[in-house]
Amino acid sequence: MGNSFRNQPGPTLYPENKTPVTEDVLEVGLLFAASIIAFSFILIIPGIRGTERLWATVRVFTALFIGCVILVSNFGYCWYCGSICTRTQYKAYISPAGSRQEIEARIGLYIGLRGTNITLREQNCGIEADYENPFPDEDIEYNERLYWGTSSFGQGRIGFGRYSNRYNREFRAIQFRGAPYPILWIAEYFTLDGEQIRWGRKFRLAGWYTHIFMWTAFATYLIAILLYIFVIRLGAWFTVITGSLMILSVFSYGIIIINDPPLELPFQDAALNRSTSIATTSNATTSNATTSNAT
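Read on for a plain summary of the structure. Here the structure is a predicted model, which means the values were calculated and not measured. (Residues numbered from 1 in each chain as written. Predicted model: local features only at pLDDT ≥ 70, side-chain atom pairs only at ≥ 80, totals over all residues. Heavy atoms only, no water.)

Ranked by size, the top nonpolar core spans 49 residues in total, and within it L109, I111, I186, F190, F203, Y253 and L263 carry the most contacts. Non-local contacts of F190, meaning those with residues more than four positions away in its chain, are made with L109, I111, W148, Y167, N168, W199, G200, F203 and L263. (Core = buried A, V, L, I, M, F, W, Y, C linked by side-chain atoms within 4.5 Å. Buried < 20%, exposed > 50% of the residue type's maximum accessible area, 1.4 Å probe, protein only. Contact = heavy atoms within 4.5 Å.)

Printed below as a string of structure tokens:
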């Protein structure tokens, strides 16, 4: 019995279990860490007496909220978002004549300070009344993340060689791996760098300068927390500085990504363009509230 179902003479080998990525592990980790701190503080609230209990609760939860906004905005992919539901070719190669290879799918583009996140999920969009998935044996649910760079966000040389930027090299890698056509179609737009098609350069520069402002804001945020323990007035001033840096990050990102023509990626039934921007909205709201409350 001990040798049953084994690959002789080695141990039992199981096939790879490929599953789509549904959540950002880093974002979930940051939110989970903040939740642990908040829960720990809730446990000690009964030990605080009088009106100091209310003010301590407000200070702690406000500080946690500001810190979460800074870190999630810094590492998240929600600065420039958009999604559409459309018909699209699934395979990257040309389909044989007479075969039906188009699918209806939800396609999403989520741009952060460090790269892009492109999603593809097959679903019935209601475009065709008698739509059926031409690939019933496949679970069409993909997520591809490509980075601008590592320590530096350098532009690199033109092309896809070893001296090009990291985004172009990762794009060539997913080409060889056989990523679906919609993902390659979107990612290719950010590899171009000529004439007015410089979206990759614009978003790379915006991510570089914005992440500098965000890290500086996080440093002043930590200093403000320490100063609130000793000198509340100085803590309030550093809170104003934190809010101002967050406002500068939003303005710098919005100004740098301005491009003519605007980013619109055409598909068969619609064009993928900007629909929401969670990070810029949360940053602007939090920074305005921070500066107004501190002053």
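Before going further, it helps to spend a moment on the state of the cysteines. In the structure shown here, the tally under the stated rule is one disulfide. Paired through a disulfide, C85 and C125 show a sulfur-sulfur distance of 1.7 Å. What sets the handedness of the C85 and C125 disulfide is the S-S torsion sign, and at about -80° it is left-handed. Of the two residues, C85 is situated in strand β1 (residues 80-89) and C125 in the loop between β3 (115-122) and β4 (141-147); the sequence distance between them amounts to 40 residues. For C125, a relative accessible area of 22% corresponds to the partly exposed category. (Disulfide = S-S within 2.5 Å. Helix = DSSP H or I, 4+ residues; strand = E, 2+ residues; numbered from the N terminus.)

Ordered by their spatial adjacency, four strands build an open sheet running β1-β2-β3-β4, and the pairing between neighbours is antiparallel. Each of the sheet's edge strands pairs with one partner strand only, and the pair in question is β1 and β4. The sheet shows a mean angle of 15° between the axes of neighbouring strands, direction not considered. As defined by bridge partners, β1 adjoins strand β2 (residues 102-111) across ten bridges and the pair is classed as antiparallel. Considered in β2, the bridge of R87 is made with E104. (Pairing = 2+ DSSP bridges. Axes fitted to C-alpha atoms, helices over the stretch in contact; angles between N-to-C directions.)

So, on to the pairing of β2. Across the ten residues of β2, seven count as buried, placing the element largely inside the fold. Here seven bridges tie β2 to β3, and the two strands are oriented antiparallel to one another. Bridge pairing in β3 links Y110 to N117. In this structure, the hairpin formed by β2 and β3 is closed by a connection of three residues.

As enumerated under the stated definition, the model contains nine salt bridges in all. Two residues, E138 and K91, come together in a salt bridge whose shortest N-O distance is 3.4 Å. Taken together, the residues span a long stretch of sequence, with E138 in the loop between β3 and β4 and K91 in the loop between β1 and β2 at a distance of 47 residues. One continuous salt-bridge network, built from bridges that share partners, spans R87, E128 and D269. (Salt bridge = Lys/Arg side-chain N within 4 Å of Asp/Glu carboxyl O.)

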